[in-house]
2 protein chains.
Amino acid sequence: MSATISTQHGDDAGVIDLARGDPGRDLLPAALVRDAADRATATLDPDLLQYGLEAGDAGVREAVSAFLEREGAGAVAPERLFLTAGASLALHLICSLFARPGDRILVADPSYHLALAQFRDHGLRVEGVASDADGLVPEALEAALRAGPAALLYLVPVFANPTGTTLPPARQAAVVALAARHGVRVVADEVYRLTGFAAPAGADATAGPPPRSLAAIDTEHVLALNSVSKILSPGLRLGWIEGPPADLRRIATSGVLRSGGGMNPFPAAVVRAAMERGTLADHVAHVRARLGERHGALAHALAAELPRAVHSPATGGYFLWVRVPGLDVDAPETLAALARHAVRVAPGTLFSPPRVEGTPRPGAEGAGHAGAEGAGHAREFMRLCFAHAGPAALREGVARLAAALDDVGS
Amino acid sequence: MSATISTQHGDDAGVIDLARGDPGRDLLPAALVRDAADRATATLDPDLLQYGLEAGDAGVREAVSAFLEREGAGAVAPERLFLTAGASLALHLICSLFARPGDRILVADPSYHLALAQFRDHGLRVEGVASDADGLVPEALEAALRAGPAALLYLVPVFANPTGTTLPPARQAAVVALAARHGVRVVADEVYRLTGFAAPAGADATAGPPPRSLAAIDTEHVLALNSVSKILSPGLRLGWIEGPPADLRRIATSGVLRSGGGMNPFPAAVVRAAMERGTLADHVAHVRARLGERHGALAHALAAELPRAVHSPATGGYFLWVRVPGLDVDAPETLAALARHAVRVAPGTLFSPPRVEGTPRPGAEGAGHAGAEGAGHAREFMRLCFAHAGPAALREGVARLAAALDDVGS
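Residues numbered from 1 in each chain as written. Chains lettered and ligands numbered in written order. Predicted model: local features only at pLDDT ≥ 70, side-chain atom pairs only at ≥ 80, totals over all residues. Heavy atoms only, no water.

Asks: So what about the interface of chain B and chain A? Which residues, and what values?
Replies: Accessible area lost upon the coming together of the parts serves often as the stated size of an interface. Across the contact, 67 residues belong to chain B and 67 residues belong to chain A. Together chain B and chain A conceal approximately 5700 Å² of surface at their shared face, both sides included; 57% is due to carbon and sulfur atoms. Between the two partners, chain B and chain A, sit six salt bridges. Across the pair Arg25(B) and Asp45(A) runs a salt bridge, and its minimum N-O distance is 3.7 Å. (Contact = heavy atoms within 4.5 Å. Buried area = accessible area lost by both parts, 1.4 Å probe. Salt bridge = Lys/Arg side-chain N within 4 Å of Asp/Glu carboxyl O.)

Asks: Give me helix H14 (residues 391-407) of chain A: which residues, what numbers.
Replies: Residues and elements named next belong to chain A. In this model, H14 (17 residues) spans 24 Å end to end at C-alpha, consistent with the 24 Å of a helix rising 1.5 Å per residue. Within H14, burial applies to Leu394, Gly397, Val398, Arg400, Leu401, Ala402, Ala404 and Leu405. On its buried side, H14 packs onto strand S1 (16-17), helix H11 (279-305), helix H12 (332-340), strand S11 (343-344) and strand S13 (381-385). Immediately beyond the C-terminal end of H14, within one or two residues, lies glycine 409, with a positive phi of roughly 70°. (Helix = DSSP H or I, 4+ residues; strand = E, 2+ residues; numbered from the N terminus. Expected span 1.5 Å × (residues − 1). Buried < 20%, exposed > 50% of the residue type's maximum accessible area, 1.4 Å probe, protein only.)

Asks: An account of the environment of Pro157(A) is requested, with residue identities and associated values reported.
Replies: All names here are of chain A. With respect to the helices and strands, the residue proline 157 is situated in the loop between strand S6 (152-155) and helix H7 (169-181). Classification of proline 157 by relative accessible area gives buried; the value is 2%. Considered as a pair, proline 157 and proline 211 are 54 residues apart in the sequence and their alpha carbons are 9.3 Å apart.

Asks: Which residues make up the confidence of the model for chain A, and what values go with them?
Replies: In the predicted model, chain A carries a mean pLDDT of 91, and the fraction of residues at 70 or more is 90%. Considering only residues more than four positions removed or in separate chains, one finds that residues 1-7 of chain A, a stretch of pLDDT under 50, has 21 contacts. (pLDDT = per-residue confidence, 0-100.)

Asks: Please provide a residue-by-residue account of the pairing of strand S8 (residues 222-227) of chain B, values included.
Replies: Residues and elements named next belong to chain B. Counted residue by residue, S8 has six buried out of six residues, so it is predominantly covered. Side-chain alternation along S8 places Val222, Ala224 and Asn226 on one buried face and Leu223, Leu225 and Ser227 on a second face that is also buried. Pairing geometry for strand S7 (residues 185-189) and S8, over four bridges, is parallel. Opposite aspartate 189, over in S8, you have leucine 225 as the bridge partner. (Pairing = 2+ DSSP bridges.)

Asks: Hey, could you go over helix H3 (residues 58-70) of chain B for me, with residue numbers and the actual values?
Replies: Residues and elements named next belong to chain B. The terminal C-alpha atoms of H3 lie 18 Å apart, and with 13 residues this matches the ideal 18 Å at 1.5 Å per residue to within 8%. What H3 keeps buried is the set Gly59, Val60, Arg61, Ala63, Val64, Ser65, Phe67 and Leu68. Where the residues of H3 are buried, they touch strand S2 (81-84), strand S9 (239-242), helix H10 (265-277) and helix H11 (279-305). Its side-chain oxygen placed 2.9 Å from the backbone nitrogen of glycine 59, aspartate 57 serves as the N-cap of H3. With its phi angle positive at about 80°, glycine 72 sits one or two positions after the end of H3. (Polar contact = N/O pair within 3.5 Å; in protein donor to acceptor, adjacent residues only side chain to side chain.)

Asks: Which residues make up the sheet that holds strand S5 (residues 135-136) of chain B, and what values go with them?
Replies: Sheets are built from strands that pair by backbone hydrogen bonding, the pairs being arranged parallel or antiparallel. Residues and elements named next belong to chain B. Strand order in the open sheet formed by eight strands is S2-S9-S8-S7-S6-S3-S4-S5, and the pairing between neighbours is mixed. Among the strands making up the open sheet, the edge pair consists of S2 and S5. Relative to the sheet, helix H4 (residues 87-98) contacts S2, strand S6 (152-155), S7, S8 and S9, its axis offset from that of S8 by approximately 155°. On top of the sheet, helix H5 (residues 113-121) reaches strand S3 (104-109), strand S4 (125-132) and S6; it is set at about 170° to S3, its chief contact. (Axes fitted to C-alpha atoms, helices over the stretch in contact; angles between N-to-C directions.)

Asks: So, the pattern of salt bridges: which residues are in play, and what are the values?
Replies: Across all of its chains, the model carries 41 salt bridges over all chains by this definition. Put simply, Arg272(A) and Asp57(A) hold a salt bridge, and the shortest N to O gap is 3.3 Å. Placement of Arg272(A) in helix H10 (residues 265-277) and of Asp57(A) in the loop between helix H2 (30-42) and helix H3 (58-70) is noted, with a sequence separation of 215 residues between them. Judged by its relative accessible area of 39%, Asp57(A) is partly exposed. Overlapping salt bridges bring together Arg25(A), Asp45(B) and Asp47(B) as one network.

Asks: Which residues make up the relation of the copies chain B and chain A, and what values do they have?
Replies: Here chain B sits on chain A after a turn of 180° about the axis and a move of 0.0 Å along it, with an RMSD of 0.0 Å. The two molecules are tied by a two-fold rotation axis, judged by turn and shift. An overlap of 100% is found between the interface residues of chain B and their copies at the interface of chain A, pointing to a shared contact surface. (Least-squares fit on C-alpha atoms with pLDDT ≥ 70 in both.)

Asks: Account for the packing of aromatic side chains, naming residues and giving values.
Replies: Residues and elements named next belong to chain A. Evaluation of the coordinates by the stated rule reveals 15 aromatic pairs over all chains. Judged by centre distance (5.9 Å) and plane angle (75°), the rings of phenylalanine 197 and phenylalanine 386 are edge-to-face. Taken as a pair, phenylalanine 197 in the loop between strand S7 (185-189) and strand S8 (222-227) and phenylalanine 386 in the loop between S13 and H14 lie far apart in primary sequence, 189 residues in all. Comparing phenylalanine 197 with phenylalanine 386, the two get one shared label, buried. (Phe/Tyr/Trp six-rings, centres within 6.5 Å; stacked < 30°, edge-to-face > 60°.)

If you want it as structure tokens, here you go:
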């Protein structure tokens, strides 16, 4: 799998990689970060170098709240924010503190594949809950919740990875109400929340305010994960959890936090400077415009070169979730043809957890890998990322994809 | 406990805090970090802002190896290094990937209390192994290993927290050989390894090369944890694991690493600049000299003001492990007297795991808290930190401590 979709390594020469989910080099503002680092270190304050509060510096949390408010995402009381070293690590901590191996975790089907990998590492019993074009289906969630206790519900409710879907407001409310009724913690992975763009996109069009956070709907049961990875820089490893103060206290009083203190004080000070100077807001507008432009380039290329491909247009996020009826992306001949044409995609099966069948299946522990039930349908899907490659590379990538699928006659 | 010994919060006005284990403000070189950040961002390389390799940038790992070699600590092949966001988080990852709740973990008695807190969070069965003035006792370790399987052995083998002890070379070899024979992974917390000073210390005396790492003795069974927290800045959250490439690969291929990429690329680039410019080496020499000076001030004050207190002189690290025969540090009247005299110490019982009794005790899971067996002896001990307060504050702190103990007649 990592050969197909590693996101942490350099580009292979000549290959157009539509699989990796990281921002392209041109979306990583080195000058902005340099300026912010200059500001953060200008005062030569030794306290910046100390362990720092477990939840993160209060001034930084206030800056995050003010930034969110200016972005139209709504202010958040600093006591409901906990700064982390990225959203992935936040998810890891939540799994280790709020669940135990063998516990059941419900996840949207399809789900971010590396979240599924985390759940396997923690020995959780992963069970998929059906989604449709509007995201997680409340009736399916209700059936899964009735089937037995679950420690967590994980979903990407906003500009989802891999589908691009955003839960409509009524469905947001229904999902959170169901989880609350059953006493299940909701982990809402909202790292794409500020990436909305206008669709169909003009070159510099931007969309309205970000979709509402699930944590704003229910302040007792939702831990919403966010970070600057998708809007500024993954390498700064600065994220935050928005959630109930009691849950944040449990994290702050864990051994690892009491020992290590704040999770990333130095990058936090850098991000704070970018927030307070307004340079981050400018950059977010730039990212949204570029994403809209690239989404348009990818969608147009698909319509022109691969008209049998089906997908819903995205209005934010990094991805299109594309179905080619009759295709088997995972078939060896398909993968060989893609390699021959020097283009990479993320096969849909990567994102498939097992399906809920009403009751937990014996032996389901650790079985949350793609390829189980539901994967038959997922084999026709692929996730294409429009954040890494620019418009020209996206067009060329789709041309190669179309040629590769022609080779295998699908 | 956190009221007594929180290390993550500011000083209370007027209180001399000999409990917290963090470096004093004057040991946090803000100008150095600013210069290093300038260098790191000078090239405006967007790759610095990308997710980055899971194990950390190869150039940074080479810089760590070269730095260790120049410090006399021995070069480490970059494939045996894994960069982390501090040693505490490294320990958390190791617990979550190489152990499961209910597994037995052997720890030196006494042990770093917040490592014990981490083991409790992971649901590990903590069992203490006796130490003497030279650290962990091999015969006690052998008995514990024979009593049943263990997932991990945790110890601070160099300038230990809380005792200041360094295992002599023969004991290092014996401990590692025993663990290897029983197939038990050794987690060697070596964050104080570069803090050695001459003892008795002149104002600017420094000691010889750092003690050998356990990971240099056995390259198959030891995961050695290190970081820049004790020699540069906790807030940079930059650490590293030295260990077998197979174990490092297991960490690199975990879900959380595959999702989040390198654990702290931006601070890593800053630390690399400080290593390559030599400013870190200069600062480490400064830290060692100051620690030696402060150790001397604390030891002299104890001899003068509290002559019945017993301790071994330290030759590195942050701590003196002080016994006052007949004292009960945890007694309410002792704690009240310390508070009245505005001085804080870390009670020895914090560092006490349960003692091994030959076989795992039923119900021992999660019982690794201070106050169990062995704590009776530990009640005469306290850990005093000489890294946070300067020489004058150390002298005043000891005077207050002596006055407080006079109040309670011990």
